[in-house]
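Residue-level structure breakdown
Residue strings, one per chain:
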Amino acid sequence: MNLPSILSLRNILVAAAALAALYLCLVAYRSGGGLVALALLVVTCLGFFIYLNPRAESYRYLFPGLLAFALFVIFPIVLVVYISLTQYSSNHLLSLSDVLLRFKAEVTFSGSDSFNFWLYRQADGKFILALKNEKKPADRFVSEPIDLVPGQDGTFSEGPYRLSKVSPSQQISGEVLDAARVARERLYQPLRNVPFQLPGDILVGKTDLEHFVPQKRVWKTNPDGSLTNQIDGSVIRPDFRAGRFLDQNGEQIGPGFRSFAGLDNYVEIITNPRIQAPFFRIFLWTLGFSICSVLGTFAAGISLAVILEWRELKFKKLYRTLLILPYAVPGILSLLILRGLFNQEFGAVNDVLKAVLGFAPAWETDPWAARAMILLVNVWLGYPYMMLICTGMLQSIPSTIYESAAIEGSNPVLNFFYLTLPLVLPPLFPVLVASFAFSFNNFALIYLLTAGAPRMLGGGIAGETDILVTYTYNLAFRDAGANYGLASAIATLLFFIVGTLSWINLRFTLKRYARG
Amino acid sequence: MLPRQRLLLKKVIAHSVLIASCALILIPFAMVVLASFRKGNFPPSTLWLNPDQWTLDHWKYVLGIPYRELLNAATGETKLVNPTVAPMRWFLNSLVVSSIASFGIILLSGTAAYAFARMKFRFRSQILTGLLVLQMFPQILTLTAYYRILNYIGEHIPWLGLNTYAGLILIYLSGISINIWMIKGYFDTISPSMEDSARIDGASRFQAFIRILLPMSAPIFAVVFILSFISMISEYPTASVVLQESANRTLAVGAYSLLDEHEKLWGHFSALAVLSGVPITIMFLLCQRFIIGGLTSGGAKE
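Bear in mind the structure is a predicted one, so any value in this text is a computation, not a measurement. (Residues numbered from 1 in each chain as written. Chains lettered and ligands numbered in written order. Predicted model: local features only at pLDDT ≥ 70, side-chain atom pairs only at ≥ 80, totals over all residues. Heavy atoms only, no water.)

1. Concerning the overall build of chain A
Check the secondary structure of chain A and you find 19 helices and 16 strands. Rg of the C-alpha trace for chain A: 35 Å, well past the compact-globule value of 24 Å for 516 residues, more than 25% over. Its C-alpha atoms give chain A principal-axis dimensions of about 120 × 85 × 45 Å. Taken over 516 residues, chain A has a buried fraction of 45%. Sequence separation of at least 24 residues holds for 60% of the intrachain contacts in chain A that already meet a minimum separation of 6. (Helix = DSSP H or I, 4+ residues; strand = E, 2+ residues; numbered from the N terminus. Rg over C-alpha atoms; globule rule 2.2 N^0.38 Å. Buried < 20%, exposed > 50% of the residue type's maximum accessible area, 1.4 Å probe, protein only. Contact = heavy atoms within 4.5 Å.)

2. Things to note about the overall build of chain B
Each helix and strand in chain B was counted, giving 14 helices and two strands. Taken against the 2.2 N^0.38 rule, which gives 19 Å for 302 residues, the C-alpha radius of gyration of chain B at 25 Å runs more than 25% over that of a compact globule. Dimensions along the principal axes, computed over C-alpha positions, put chain B at roughly 85 × 80 × 35 Å. Once local pairs closer than 6 in sequence are excluded, the contacts in chain B between residues at least 24 apart make up 64%. Of the roughly 14000 Å² of accessible surface on chain B, a fraction of 64% belongs to carbon and sulfur atoms. Positive and negative side-chain charges of chain B, numbering 23 and 15 respectively, have mean locations separated by a distance of 12 Å. (Areas by Shrake-Rupley, 256 points an atom, 1.4 Å probe, with all protein chains shown as cover. Lys, Arg positive; Asp, Glu negative; His and termini not counted. Charge placed at Lys NZ, Arg CZ, Asp CG, Glu CD.)

3. What to know about helix α4 (residues 57-84) of chain A
In this model, α4(A) (28 residues) spans 38 Å end to end at C-alpha, consistent with the 40 Å of a helix rising 1.5 Å per residue. Taking the largest bend as the criterion, α4(A) deviates by roughly 45 degrees, centred on F63(A), and proline P64(A) comes between one and four positions later. (Expected span 1.5 Å × (residues − 1). Bend = angle between axes of the 7 residues up to and from the residue.)

4. Points about the side chain of N483(A)
Residue and element names in this part refer to chain A. Within the secondary structure, N483 is located in the loop between α18 (468-478) and α19 (484-515). There is a polar contact of 3.4 Å between the side chain of N483 and the backbone nitrogen of G485. There is a polar contact of 3.1 Å between the side chain of N483 and the backbone nitrogen of L486. In this structure, N483 is in contact with Y88, S89, L475 and A476, ignoring residues within four places of it in sequence. (Polar contact = N/O pair within 3.5 Å; in protein donor to acceptor, adjacent residues only side chain to side chain.)

5. Digging into the interface of chain A and chain B
Contacts between the two partners involve 95 residues from chain A, matched on the other side by 89 residues from chain B. Applying the counting criterion to the chain A and chain B interface returns one salt bridge. Measuring nitrogen to oxygen at the nearest pair gives 3.5 Å for the salt bridge that ties E57(A) to R205(B). At the junction of chain A with chain B, the criterion picks out 12 residue pairs in polar contact (both at pLDDT 80 or more). It is α4(A) that contributes the most residues to the side of chain A that touches chain B, 21 residues altogether. The class makeup of the residues in the side of chain A that touches chain B is 71 nonpolar, 18 polar and six charged. (Salt bridge = Lys/Arg side-chain N within 4 Å of Asp/Glu carboxyl O. Nonpolar A, V, L, I, M, F, W, Y, C, P; charged D, E, K, R; others polar.)

6. A look at the domain arrangement of chain A
Taken as a whole, chain A is organised into domain 1 (3-84), domain 2 (108-217) and domain 3 (274-515). The centre of domain 2 of chain A, based on its C-alpha atoms, is set 67 Å off from the matching centre of domain 3 of chain A. (Domains from an automatic or database assignment.)

7. Overview of the confidence of the model for chain B
Close inspection of predicted coordinates is inappropriate in any region flagged by low pLDDT. Scored by pLDDT, chain B has a mean of 88; 97% of the residues are at 70 or more. Per-residue pLDDT stays below 50 along residues 298-302 of chain B; that stretch engages in 15 contacts with residues further than four places along the chain or on separate chains. (pLDDT = per-residue confidence, 0-100.)

8. Quick look at the packing of aromatic side chains
Tallying each qualifying case throughout the model produces 40 aromatic pairs over all chains. When the ring of Y61(A) is compared with that of F209(B), the centres are 5.8 Å apart and the planes differ by 85 degrees; the resulting orientation is edge-to-face. Of this pair, Y61(A) sits in helix α4 while F209(B) sits in helix α9 (residues 205-216), placing the two residues on different chains. When sorted by exposure, Y61(A) lands in the same class as F209(B), which is buried. Ring geometry for Y447(A) versus Y473(A): centroids 5.4 Å apart, planes at 75 degrees, classification edge-to-face. Residue Y447(A) is found in helix α17 (residues 443-449), and its partner Y473(A) is found in helix α18; the two are separated by 26 residues along the sequence. For the pair Y447(A) and Y473(A), a shared accessibility class is recorded, and that class is buried. Put simply, the rings of Y88(A), F443(A), Y447(A), Y473(A), F477(A), Y484(A), Y236(B) and Y256(B) touch in pairs and so form one group of aromatic residues. (Phe/Tyr/Trp six-rings, centres within 6.5 Å; stacked < 30°, edge-to-face > 60°.)

Right, dumping it as structure tokens:
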């Protein structure tokens, strides 16, 4: 290989891209995301391997799509499944280290000394803190230059910053800020919570706008991970399974933390009566809703498709165009429009029903009426798709079989049940299963139509029209006692149900494909 | 009954079923059109407006034209209404996001479908199955993961983070599974002989793909574009999490927000629904022929 071919344009571009990618990894690593940097590095290497190695040619076409898929489909799934194995809820929001920091930050004031303070702004923007004992002015202490960001709360994880003793007469460099100016320039917040340490390991911290006082930590960390209360001598230990600190009497002390819980969340679904009861009711309704949706859309779709296939009928094109409108209009708009029509008091549906039949169902407050409304709306939205698919299937049926049926003296109804349906159902089966799986997870429909209302009596946050996904959503986000771990466990279960179903469906379809 | 009478009866039954069905479809849409011109914010519920009920206020609101709203009919007191964000903006936002993302989907799923349809490699059928099965994970819980990912990206690349269209588009680009299946199904129906002869004549695989297969597959790309475009226009959960400023909402989030507050603004909503629903519907109907072909040959829109 001679020199010019090494320096070809392609190689230079590849090298430049490699450098840019490595730089990105470095940036990610520097910003503290070690795992992110590693992932980025792996993806980069994979990308270069695929695009440079002739043997990986087919993966060149897959790489961009699969990358997007991995980032926004696979990674979130892994995250949710992992969370389903942890204790993670509004009672277990912090990590263990954050909870330990909170314990560490608990202080009591000790001693009778009290210090006035000043900040000295240095030329490089850092600050030096100076303290002077109120009663003994000879006691003066200064800190090293420290960073303070105006308006941002300091945390106990910084410091403690050491203060060293200086003689009363020593000059401190920089622009001096007294307590009032410190407050005005919003430098009070960053000083709050940050511990400083006098010589002799005495902690000092702010008490009010103008003073620092000596402090003592409440909790002492023991080598075995337990904490000792230095005021009353009690000991608390972390319970890693339950995600909280317990004292000798088994009482929880302090906030809970996120912890690995194994299959506890899954066991909870089955055993905790407060979750189990609504869970099974919701599961049944989810099943019922999905089955009825599929049957309803299919029945409406195939009936209309059969009628529209009749050769002697006029205006077929016009009818078909009008009938696929619900598929053409953005679903969210139709959904909200129908919600308005089913309004219990002012809606058009009840106006008509009252005028014609003399009764007005309580679409919003009666559970069964609400369920019926959801099914009606879903059939309205979903039948055009079935109609289109059925039309395609019907066109592939040879017309000769109907001709011979007519000679035998058949009628349209018999034709439909004994000829059309048996011919159309098998090839349509995968579409029906896919549509079932889709209904099973149709979050937007329920959320935007009823949001689960009316509430289920004694079901906690569960609603009578909630399906499993909307219930999961409520569990994870809506309640004050939001339980993200439990919600993730239910989502994972849901995925197993729907995923297995789709997988079997695919196997079935692919086999049929392969046969011909 | 004579055969001719029987035929007539059948025709009457068929037409009445079809007319009744069309009425069930059309009446709600007609009511929305009227609700958008009706004074006050009433849910769509009527097929007739008295002459004194007509108003253009809702349309002005949606288009961002200031108008005076009558507060008290007795005193004639009025209030100037000048929306800070015209709802039309949401529709335009959606058009931008959905077109770019649909175009991106075509690029990603088209190339991937080519590999699945024309090449042999390890784990081919497993990846193909995995794509479809994994997409079945309840998306609603993965929203927090989206939020975290975009939040992280945004710290380093601000134009790709939360509250940006680019971030939302990035998430939408991951919805490729169904489209890969549809396009692959179409590619499978085209014989590879033309590409093979092009390659014998010296074309690279990529050239054969771009110059020969792509032009022949235009119809399926049209279908994928329109179907993903419409599903993105209607997408609510992700958009509501990613875009949180009133000005950058998408149509779905914006339209819902008009009905979500204490006062349900049915009039404004109706005007917005007509304004944005009509062009999209017309586009869909114009491409109807392609879509029916694509659905019945390739696969499914979910």
